[in-house]
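Coordinate inspection notes
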Amino acid sequence: MILQMNNIKKSFGDLTVLQDISMQVNEGEVISIIGPSGSGKSTFLRCATFLETIDSGEINYMGTKAAWTGADGKAEYLHKNELRKVKSWYGLVFQQFNLFPHYTVLKNLMDAPIHIQKREKKEVEEEARALLKRMGLEDKADAYPCQLSGGQQQRVAIARALAMNPEVLFFDEPTSALDPELTGEVLKVIKALAEDKMTMVIVTHEMSFARAVSDRVIFMDGGVIVEQGDPEKVFGNPSEERTKQFLRNYNR
Amino acid sequence: MTFQQMCTQLLEGLEMTLIIFFLVVIFSLPLGLIVCFGRRSKFKPLSWIVRVFIDILRGTPLMLQLLVVMYGPYFLFGMRLNPTWRFTALIIGFVINYSAYFAEIYRAGIDSIPIGQYEAAEVLGYTNRQTFMKIILPQMVKRVIPPTTNEIITLVKDTSMAFVLATTPPEMFTLAKQITAAGRMGHGAKSMLPLFIAGVFYFVLNAIVSWTMGKLEKKLAYYQ
Ligand SMILES: Nc1ncnc2c1ncn2[C@@H]1O[C@H](COP(=O)(O)OP(=O)(O)O)[C@@H](O)[C@H]1O
Ligand SMILES: [Mg+2]
């Protein structure tokens, strides 16, 4: 088991965004999270990646307890230094790519492995070039992000996350910022990763993609998991009214 | 006084002007970053104090600030001021004032960098320090070049305020004024030519500043 999140609660002021969410991610599993805008999908990913702190609940990576509810009912986190290790187990691909614009593509991939993970430069470069090849970008190693299309930038962002050799990769609407004709190339590389048994959690609005690629689909609404299960079941024959309604709106 | 003598004298003044200019630039550019850190500190009392100081420094005349630095040690602490103090006070006054302006420029530069850059760095495991030094600072430098250039151009002209502290040896503006004033007494230049020549020198200096900063900007134009 790679990630276990239990009873996660998160509010922004008076607004409760996640109410008691639990989820488990197993090795090699591809999970899609779907749901209407504002339902807390991004917040959930941001809690899983420690960009937001949870109010209460438990986050467990690779058997290491990273966050838990303390005696006072408030969440406590591992000390910064120990959390660093946990952070090396996951990667996150953002909707807006967030590449480092002043670094070349290759340096975007190599900087963290070399300076954070303290790995051998030569080995890192070999791996980075292989990753770029896998993304179909081997000729873009020396380009700067601003010279690439959105689809290419997002593929670089995926490669950058993979260069850290994470156990699990999170995606927050990886194609939402792209022109429609560019989403395909990004979905294609994610699909290829799924075929290679990369563990992934993907927040997406691409329903047919989610249906095709996932082992499990989670439908979130109003800060709770309304329904989850096999994609054929959730998409083909949802049991909850809210899921049906959401999918109906989508298919129109 | 011949034209050549006039130019020679003004060039000596120009040397002093340049010394003031470079000293202020060298100290205030980095000091501005430190002030900017104070202004952005999460420790509220610190950021509040720094903010008040910045507002005062930007909201009162530089000339007044120079005089406060100049006479402060005497009136506040009863210190005797030796002759070299004038020059030191001038540099201190300028550096403090310009640090405040640079700090605000840097702050705007840092604030304009998308939050996603911090988040991407954090997820990749960069420490706060690494994030700042490797990701934020280089992008900030690029963004602040145009406003910083404006400020440096103002500084070139502001060096003429050394006039009010009567620093020795005199810088170019002080000399130009002296030579012109002497002209009225029947010696010296007998015209406004010294003022005109000094003006040309300032103008050329600023042309060089603009050109240099433009070069730097071009150098960093390889990314957006
Ligand atoms: N930093 C924040 N401060 C306040 N409210 C927030 C913040 N982040 C998200 N929210 C709110 O939380 C809710 C869920 O947002 P989000 O997780 O982004 O949903 P989704 O990704 O499913 O569209 C929204 O109502 C949003 O406005
Ligand atoms: Mg979202």
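Above this text is the structure in question.
Notes on the structure follow.

**Some details on the packing of helix α6 (residues 128–158) of chain B against helix α9 (residues 193–219) of chain B**
Residue and element names in this part refer to chain B.
- Following both chains from N to C, one finds α6 and α9 inclined at 165°, their axes separated by 10 Å at the closest point. Judged on the interaxial angle alone, α9 and α6 are roughly antiparallel. By crossing handedness, the relation of α6 to α9 is classed as right-handed. Every residue of α9 that contacts α6 at Ile 145, Pro 146, Thr 148, Thr 149, Ile 152, Ile 153, Val 156 and Lys 157 is listed here: Tyr 202, Leu 205, Asn 206, Val 209, Ser 210, Met 213, Leu 216 and Glu 217.
- Its residues assigned to classes, the contact of α6 with α9 shows 10 nonpolar, 4 polar and 2 charged.

**Structural notes on the side chain of Ser47(B)**
Residues and elements named next belong to chain B.
- Along the chain, the position of Ser 47 falls in helix α2 (residues 44–59).
- The class of Ser 47 is buried, set by a relative accessible area of 8%.
- Once residues lying within four places of it in the same chain are set aside, the contact partners of Ser 47 are Gly 38, Arg 39 and Ser 41.

**A closer look at the side chain of Glu29(A)**
Residues and elements named next belong to chain A.
- Examined against the element boundaries, Glu 29 turns out to sit in the loop between β2 (15–25) and β3 (30–34).
- With relative accessibility at 12%, the residue Glu 29 sits in the buried group.
- Not counting residues within four places of it along the chain, the set of residues in contact with Glu 29 comprises Gln 24, Met 198, Thr 199, Met 200, Asp 215 and Arg 216.

**Quick look at the sheet that holds strand β1 (residues 3–12) of chain A**
Residue and element names in this part refer to chain A.
- Judged by pairing direction, the sheet is antiparallel, and its 5 strands sit side by side in the order β2-β1-β4-β5-β6 without closing on themselves. Strands at the two margins of the open sheet, each flanked by one partner only, are β2 and β6 (75–77). When the angles between neighbouring strand axes are averaged without regard to direction, this sheet yields 20°.
- Running at roughly 120° to β1, helix α1 (residues 41–48) makes contact with β1, β2 and β4 (56–61) of the sheet.

**Here's the deal with the packing of aromatic side chains**
All names here are of chain A.
- Applying the stated criterion across every chain, the model contains 20 aromatic pairs over all chains.
- Where Phe 50 meets Tyr 61, the ring centres are 6.1 Å apart and the plane angle is 50°; that geometry is what we call tilted. Taken together, the positions of Phe 50 in the loop between α1 and β4 and Tyr 61 in strand β4 put the pair 11 residues apart, joining distant regions of the chain. Comparing Phe 50 with Tyr 61 shows no difference in burial state: the two are buried.
- Taking 6.1 Å as the distance between ring centres and 85° as the angle between the ring planes, the aromatic pair formed by Phe 100 and Tyr 103 counts as edge-to-face. Like Phe 100, the residue Tyr 103 is buried in the burial classification.
- Looking at Arg 160, its charged tip hangs above the ring of Phe 100, at a distance of 4.6 Å from the centre.

**With respect to the interface of chain A and chain B**
- Contact residues are listed per partner, giving 23 residues for chain A and 19 residues for chain B.
- With both sides pooled, the region where chain A packs onto chain B buries about 2100 Å², and carbon together with sulfur makes up 59% of that total.
- Among the residues chain A hides against chain B, the three largest losses belong to Phe100(A), Pro101(A) and His102(A). Together they make up 27% of the total.
- The tally of links between chain A and chain B comes to 3 salt bridges.
- The residue Glu122(B) makes a salt bridge to Lys87(A) at a minimum N-O spacing of 3.4 Å.
- If you look at where chain A meets chain B, you find 10 residue pairs in polar contact (both at pLDDT 80 or more).
- Contributions of two or more residues to the side of chain A that touches chain B are made by α2 (80–87), β7 (90–93) and α3 (105–115) of chain A.
- For the side of chain A that touches chain B, a count of residues per class yields 14 nonpolar, 4 polar and 5 charged.

**Observations regarding α3(A)**
- With 9 of 11 residues buried, α3(A) is to be regarded as a mostly interior element.
- Here the buried face of α3(A) lies against α4 (121–134) and α5 (150–162) of chain A together with α5 (115–124) and α6 of chain B.

**Observations regarding the environment of Phe246(A)**
Residue and element names in this part refer to chain A.
- Summarising the element assignment, Phe 246 is placed in helix α9 (residues 241–251).
- A residue is classified by how much of its surface remains accessible, and Phe 246, at 9% relative accessible area, is buried.
- Measuring from C-alpha to C-alpha, the distance between Phe 246 and Tyr 103 comes to 41 Å, with 143 residues separating the pair along the chain.
- Phe 246 has contacts with Ile 34, Gly 35, Pro 36, Met 207 and Phe 219, leaving out every residue within four places of it along the chain.

Reading the values: the criteria
The residue numbering used here restarts from 1 in each chain and proceeds along that chain's sequence as written. Chain labels run from A onward and ligand labels from 1 onward, assigned in the order the entries are written. Where totals are concerned, whole chains, interfaces and linings use all residues; where local detail is concerned, this predicted model gives features only for residues with pLDDT of at least 70, and gives and counts side-chain atom pairs only at 80 or more. Side-chain calculation: all heavy atoms of the structure are included, whereas hydrogens and water are not. Each axis is a line fitted through C-alpha atoms, and for a helix only the stretch in contact is used; angles between axes span 0 to 180 degrees, taken between their N-to-C directions. Numbering of helices and strands runs from the N terminus; a helix is a DSSP stretch of H or I covering at least four residues, while a strand is a stretch of E covering at least two. Angles are sorted into four bins: roughly parallel if under 35 degrees, roughly antiparallel if over 145, roughly perpendicular if 65 to 115, and oblique for all others. By convention, the crossing between two helices is left-handed when the near helix turns anticlockwise from the far helix through less than a right angle, and right-handed when the turn is clockwise. Whether two residues are in contact is decided by their heavy atoms: any pair within 4.5 Å suffices. Charged residues are taken to be Asp, Glu, Lys and Arg, nonpolar residues to be Ala, Val, Leu, Ile, Met, Phe, Trp, Tyr, Cys and Pro, and polar residues to be all remaining types, Gly included. Each residue's exposure class comes from its accessible area (1.4 Å probe, protein chains only) as a fraction of the maximum for that residue type: buried when under 20%, exposed when over 50%, partly exposed otherwise. Two strands make a pair as long as DSSP finds a minimum of two bridges between them. Whether two aromatic rings pair depends on their centres lying within 6.5 Å, for rings of Phe, Tyr and Trp, where Trp uses its six-membered ring; planes under 30 degrees apart make the pair stacked, over 60 edge-to-face, and the rest tilted. Any Lys NZ or Arg CZ found within 6 Å of a ring centre and within 35 degrees of that ring's normal is scored as a charge over the ring. Here the quantity called buried area is the accessible surface, traced with a 1.4 Å probe, that two parts lose on coming together, added over both. Only one rule defines a salt bridge in this text: a Lys or Arg side-chain nitrogen within 4 Å of an Asp or Glu carboxyl oxygen. Contacts described as polar in this section are N or O atom pairs within 3.5 Å, which, within protein, must combine one atom able to donate a hydrogen with one able to accept it, while residues neighboring in sequence count only if both atoms come from side chains.

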